[in-house]
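# Coordinate analysis (summary)
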Amino acid sequence: MSLIATGARDVAGGVGVWRMWWMLARNDVIRRYRRSRVGQLWLTLSMAVMIFGMGAVYSSLFGTSMADYLPHLGTGLVLWGLIASTITESCTSFTENESIIRQVALPRFTYVLRTIARNLFVFVHNLIILPVLYLVTGSPINWHLVLFVPGLVLVLANLAWVGYCLAILSARFRDIPQIVASIVQVAFFVSPVVFKPSQLRGDHPVLVLNPFASMLDVMREPLMGRMPSPTSYFILLGLLAIGWLLSLAFAGKYSHRVVYWL
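Residues numbered from 1 in each chain as written. Predicted model: local features only at pLDDT ≥ 70, side-chain atom pairs only at ≥ 80, totals over all residues. Heavy atoms only, no water.

Residues lying three or four places apart along an α-helix face the same way, a consequence of the helix completing one turn every 3.6 residues. Taking 1.5 Å of rise per residue, 15 residues should cover 21 Å, and helix 1 (residues 2-16) covers 21 Å from first to last C-alpha, within 8% of that figure. For helix 1, every residue scored as buried is listed here: Gly7, Asp10, Val11 and Gly14. Viewed end-on, helix 1 has its buried residues packed into an arc of 95°, placing them on one side of the element. In helix 1, the exposed residues that point more than 90 degrees away from the buried face are Ser2, Arg9 and Gly16. For helix 1, the elements touching its buried residues are helix 2 (18-32), helix 6 (109-127), helix 8 (148-172) and helix 12 (230-254). (Helix = DSSP H or I, 4+ residues; strand = E, 2+ residues; numbered from the N terminus. Expected span 1.5 Å × (residues − 1). Buried < 20%, exposed > 50% of the residue type's maximum accessible area, 1.4 Å probe, protein only. Arc of directions from axis to C-beta. Contact = heavy atoms within 4.5 Å.)

Quick look at the structure:
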């Protein structure tokens, strides 16, 4: 319990200095496209090209119309970009902030929140594509849309504890980012990003045992005018409770050693 309390104090301290990590995350995105004429619009353009390029290929492979397939693929790619980039970049949350950690005594969780906020900025840029995509393809929008925000918060809360653990492990073992990147790449192909969940039976392990499928479900279904599966909420809530308990205990024991590992 003392380890959990120590970890909880670090998390609370990180949330408390929100102006710091919010400003740093915003500057990360601005600096990435400094001196570019198009600027941050490149985020949206590159995602739009990927959606329409992959949509043209995979709709013919699956034997379905572009109007039916593009909303599923486009929404999946935008949401997967948030999930995948947050996980992979969380691995370097401490190592890329080495100079700050060595000089300023900030809660360790601050740097994880910086990574999450940075990817949230990118996600908002890419999210602009979806209303246009739904309008062009005639996708229905109804009251289920209000469920998107709770789903997004639930996913971000899970990504936060995952990212916290990965950041600590990656500071100690520098091979972790490469391992995680490979796992996330494989997870893309076994998650319902390109293919539709309806192409598999409801109790298929890819849908039930894959937490990424649940993350996509609670965010994508409301955007497409459908009700997410209650099973997805149960899975993510269970992961949230168990994951944060383990993460806080882990952080309480090892987070103070990060500065010696950098």
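This is not the end of the story, as more comes after the structure.
With that settled, the discussion passes to the environment of Ala167. Along the chain, Ala167 falls in helix 8. As a C-alpha pair, Ala167 and Tyr111 span 56 residues in sequence and 9.0 Å in three-dimensional space. The contact partners of Ala167, leaving out residues within four places of it in the chain, are Ser90, Cys91, Ser93, Phe94 and Val112.

It is worth spelling out the packing of aromatic side chains at this point. This structure, assessed with the given rule, holds 10 aromatic pairs. Plain terms: the ring middles of Phe188 and Phe189 are 5.2 Å apart, the flat faces sit at 85° to each other, and that makes the pair edge-to-face. Look at Phe189 and you get exposed, because its relative accessible area is 57%. Both rings, one in Phe250 and one in Tyr254, keep their centres 5.1 Å apart while their planes meet at 50°; by these two values the pair is tilted. Of this pair, Phe250 and Tyr254 are both found in helix 12, four residues apart, which corresponds to roughly one turn of the helix. The exposure class of Phe250 is partly exposed, given its relative accessible area of 23%. The structure contains a cluster of three or more aromatic residues connected by ring pairs, namely Trp80, Phe188, Phe189 and Phe212. (Phe/Tyr/Trp six-rings, centres within 6.5 Å; stacked < 30°, edge-to-face > 60°.)

For the rest of this paragraph, the subject is the pattern of salt bridges. Note that side chains of opposite charge can pair when their charged atoms are close. This structure, assessed with the given rule, holds eight salt bridges. Notably, a salt bridge pairs Glu98 with Arg102, separated by 3.1 Å at the nearest N-O pair. Here Arg102 and Glu98 lie together in helix 5 (residues 98-103), a separation of four residues that amounts to about one turn. On the accessibility criterion, Glu98 (29% relative accessible area) is partly exposed. Overlapping salt bridges, with partners in common, bring together Asp28, Arg31, Glu89, Glu96, Arg114 and Arg118 in one network. (Salt bridge = Lys/Arg side-chain N within 4 Å of Asp/Glu carboxyl O.)

In this section: the packing of helix 1 against helix 6. Two elements in contact, helix 1 and helix 6, have axes whose closest approach is 8 Å; the angle formed by their N-to-C orientations is 50°. What the angle tells us is that helix 1 and helix 6 run oblique. In this structure, the crossing between helix 1 and helix 6 has a hand that is right-handed. Along the contact surface, helix 1 presents Asp10, Val11, Gly14 and Val15, while helix 6 presents Phe109, Thr110 and Leu113. Residue composition of the contact of helix 1 with helix 6, grouped by class: four nonpolar, two polar and one charged. (Axes fitted to C-alpha atoms, helices over the stretch in contact; angles between N-to-C directions. Parallel < 35°, antiparallel > 145°, perpendicular 65-115°, else oblique. Left-handed = near helix turned anticlockwise from the far one by under 90°. Nonpolar A, V, L, I, M, F, W, Y, C, P; charged D, E, K, R; others polar.)

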